[in-house]
Every structure is written in C-alpha cells, then in structure tokens.
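Coordinate inspection notes
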Amino acid sequence: MGVRAYPVVLPVDGVQKLIDLLRGRGLPVVGPTPRDGVIVHAPITSLADLPTGTGDDQAPGRYRLRARGDGALFGYAVPASSWKHLFLPPREVLLGDGPATDPVPVALFGVRSCDLAALDLHDRALLRRPAVDVRYARRRQGTVVVAVTCTEPSAMCFCAGLRTGPEPSAGYDVRLTELTDGGHRFLAVPGTPLGEDLLAEAGWDPAAARDVEAAADAVRDAAGRMRRAPRLDGLREDLYGAADLPHWEQVGSRCLACAGCTLVCPTCFCTTVEDTSGVRGEDARRIRVWDSCFTAAFSYLHGGSVRESIASRYRQWITHKFATWTDQFGVLGCVGCGRCTTWCPAGIDLLAELAAVRGLSAPPGDRRVTDGTETG
Ligand code: SF4
Ligand code: SF4
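The rules we used
Residues numbered from 1 in each chain as written. Chains lettered and ligands numbered in written order. Predicted model: local features only at pLDDT ≥ 70, side-chain atom pairs only at ≥ 80, totals over all residues. Near = placed C-beta within 6 Å. Nonpolar A, V, L, I, M, F, W, Y, C, P; charged D, E, K, R; others polar. Pairing = 2+ DSSP bridges. Helix = DSSP H or I, 4+ residues; strand = E, 2+ residues; numbered from the N terminus. Axes fitted to C-alpha atoms, helices over the stretch in contact; angles between N-to-C directions. Contact = placed C-beta atoms within 7 Å. Parallel < 35°, antiparallel > 145°, perpendicular 65-115°, else oblique. Domains from an automatic or database assignment.

1. So, the site of ligand 2
Lining the immediate surroundings of ligand 2 are Cys 255, Leu 256, Ala 257, Cys 258, Ala 259, Gly 260, Cys 261, Phe 294, Cys 344, Pro 345, Ala 346 and Ile 348. Split into classes, the residues belonging to the shell around ligand 2 amount to 11 nonpolar, one polar and no charged.

Structure follows, in structure tokens:
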C-alpha cells in the first residue's frame, strides 16, 4: 500500500469494512437509516441499512424523501433526528427502579459537520464545566466518530454561513467524502490514531490528484448552494435591543408552542425531572425528560409562568440561540442544520424571523417576513 499519505481513497466495500471493524471492536454502530418515510439515526450493521440512492427535499414545514437514481450512500442532508438522544436520552430514570442503563461506547457513523459542532456544544455545556453531567459523561466516553462531508445540503441548511460545515474540520476519527464522479469511492482522512488504524485495516488506495480535486469541488459546490445565512455582525446586540418588538406577537400568533423545534434541535439540551410514586408506596422514581422553553411550565416559578405568552417563548428561544448562548458558552447556540424550520408544523422559518426582527434585508434567495408580508 506504500507510504501513508493522507487523504486516501476507500472503495465502497472499504466503508463496509469500517462498519465491520467498529463492530468487531465491540462498538454498536449507529448511523443514518430510513424509517417511516424519514431518515433517522439508529443502529446499523451494514451498508444495506443506509438510505442508499435517497435524497431529500426540505422546506419550512416540509420534508420528503426522493429517489436519486444513483447509488450514493450519503446523498441527503441532515436526517430528521440528531445524535443527542444517544447521550442525553429523552427519558431516563435517575432514582428508583428503572431499565438498566450501563452505557457502552458507541460508534457514530456518517456524522455531518453541523451535528459534530452540536456535539461539541453539548460537551461544552455538560462536560467541560465545573458541574459535569455524569450520565452524559459516561455515555460520551469512548465515542468513535466516522464523519461525512455534506455534499447535498438541503434548502434549509446554513452551516456554511456559521462556519460549522459543510466539511467536518475536527472531532472525528475518520472523515469520509463521497465521490460519485467517475467511480463510486470515498476520500478518507483520519483525525486520530484510532482512525488511522481503522483506515489501514479497511484497506485504502492512494488518492490521485483528481480525487482530491473532486472532493474540494464537492465542498465548494455544497457551500455555494447554501444561499441562506444570518448576518452575524451585531446580532447579539440587535436581539438584546429587540425585547419589546411588536413582531414577537406576530410570530407568536403563528407558533403553536408544540416544542417540536427544540426537540429536533441538536443543540437544545434542557431537561426537567418528574417524580412519581405508586399508590401503595412501594415504588418511587425520579425521571429526567427533555423539556422545552416553549412550554408554559418551563418558566414556572412560584405562582405562575414567567413567560405566559407564546410570543415571549419564541423570543426566548431565538434570543438564547443567537445572543445569550454566546454569553454563557462563548459560541452561538445554533449550528445551521435547519431542522427547526423543516420540522415546524407552522412552517416558521428561523432565519426569516431573525431577519424580520432585525429589520435587515434577507440574504439573497431567502424569504423573509417583515410586517406579515412574505417578500422574495
Ligand atoms: S436552532 Fe434550528 S438551525 Fe440552529 S441548530 Fe437548532 S435546529 Fe438547527
Ligand atoms: S416555532 Fe414551530 S416547531 Fe417551534 S414551537 Fe412554534 S410551532 Fe412548534
């Protein structure tokens, strides 16, 4: 195989070998797989579990899979689910009898750049602070990541504008870039010694200049197709200054307070605890469940909810993502995956609302709401 010089090229069966190698090391492999008309992240054992030849169409409040007519393994944008349920389960017993939750390290297969950035945000909030979430820490320990460059962004994606994609730049053991021109293959780069071992065992070929150029073209093309992005200059100050804007009532009148956006968001990590006890006093449990700033109970203090109106909850969500998160963690709380817009049943477009709140011109190609009138 010659002297190691990265990047290298893996054939399609080399990618299957990667899965086999991970499983051979005792790691459950979780990756994208089609289920009920969407793509989710769930356990996989082979390439046959991937949504081969599948693309997706995404728009505000709309998600559809479609046949691509080729054999691409990663020809779609971010799946419906992120990865957060693996490390921060939607529901887990903290005290009392419950399912055994001895965590085992897991291999994440096919992680997009935006979702890698979201994992890093969760690590900042739950691991790299004086108060560590011990359950999250145990589940995160030993995670192996096979990342994939996103070459098919959806119309809702804006990672390029936030510098969180489309090419993963850190946080992976192996990075793959799928190439379908002139032969189906993957440009591969290790990010850790483990990744280097995995690639060596999977069997690679040296990369030709045309492979490297094709991958660079694919990244440029994907970034160029993302025509939406928030303007970042002065964003935090604008949001802090917009607390009393009448527009919050306008978006609040459309928002259903269903919490869907926070559940699909890969960076949202709020939880609450519920205490339950059996009528005979023999069973008591404390359960941690995902919570959302869109519920009235979320801001309940003594006597009532601090944010009674839906308008105030929407304001809280967007202000946290793009302003207060920066004060808390030093980065934005958004990675540009677009899920909150795609999965909003009311079709509320996060970027359009940001643009409307700031009273700025939307980026080219964006649709925005100003005073209730959509403009092109
Ligand atoms: S706020 Fe929306 S676009 Fe940003 S990370 Fe969350 S789901 Fe993705
Ligand atoms: S913005 Fe959309 S997804 Fe979020 S709570 Fe409102 S209606 Fe639900």
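2. Side note on the sheet that holds strand β13 (residues 284-290)
Strand order in this open sheet of three strands is β6-β13-β12, and the pairing throughout is antiparallel. At either margin of the open sheet sits one strand with a lone partner, and together these are β6 (91-95) and β12 (271-277). Here the strands of the sheet are splayed against their neighbours by 30° on average, with no regard to which way each runs. The pairing of β12 with β13 spans seven bridges and is classified as antiparallel. Its bridge partner being in β13, Thr 271 is matched across the sheet by Trp 290.

3. So, the sheet that holds strand β2 (residues 29-35)
A sheet is described by the order of its strands in space; here eight strands give the open sequence β3-β2-β7-β8-β9-β10-β1-β11, paired in mixed fashion. The open sheet is flanked by β3 (38-43) and β11 (205-206), the only strands paired with a single partner. Bridge count between β2 and strand β7 (residues 107-111): two bridges; the pairing is parallel. Within β7, the residue paired with Val 30 across the bridge is Leu 108. On top of the sheet, helix α1 (residues 12-24) reaches β1 (8-11), β2, β7, β8 (144-148), β9 (174-179) and β10 (185-190); it is set at about 85° to β1, its chief contact. Helix α7 (residues 209-225) rests against β1, β9 and β10 of the sheet, and its axis sits at about 90° to β9.

4. Thoughts on the packing of helix α9 (residues 247-254) against helix α11 (residues 310-329)
Taken N-terminus to C-terminus, the directions of α9 and α11 make an angle of 105°; their axes are 7 Å apart at the nearest point. Classified by the angle between their axes, α9 and α11 sit roughly perpendicular to one another. Here α9 contributes Trp 248, Glu 249, Val 251 and Gly 252 to the contact with α11, which in turn contributes Ile 310, Ala 311, Ser 312, Tyr 314 and Arg 315. Within the contact of α9 with α11, the residues separate by chemical class into five nonpolar, two polar and two charged.

5. With respect to the domain arrangement of the protein chain
Taken domain by domain, the protein chain holds domain 1 (8-225) and domain 2 (235-375). Each of domain 1 and domain 2 was reduced to a C-alpha centroid, and the two centroids are 26 Å apart. Taken together, the contacts link 38 residues of domain 1 with 33 residues of domain 2. Looking at the side of domain 1 that touches domain 2, the elements that each hand over two or more residues are β5 (62-67), β6, α3 (113-126) and α5 (159-162). It is α3 that provides the largest number of residues to the side of domain 1 that touches domain 2, a total of nine residues. Residue composition of the side of domain 1 that touches domain 2, by class: 21 nonpolar, 10 polar and seven charged.

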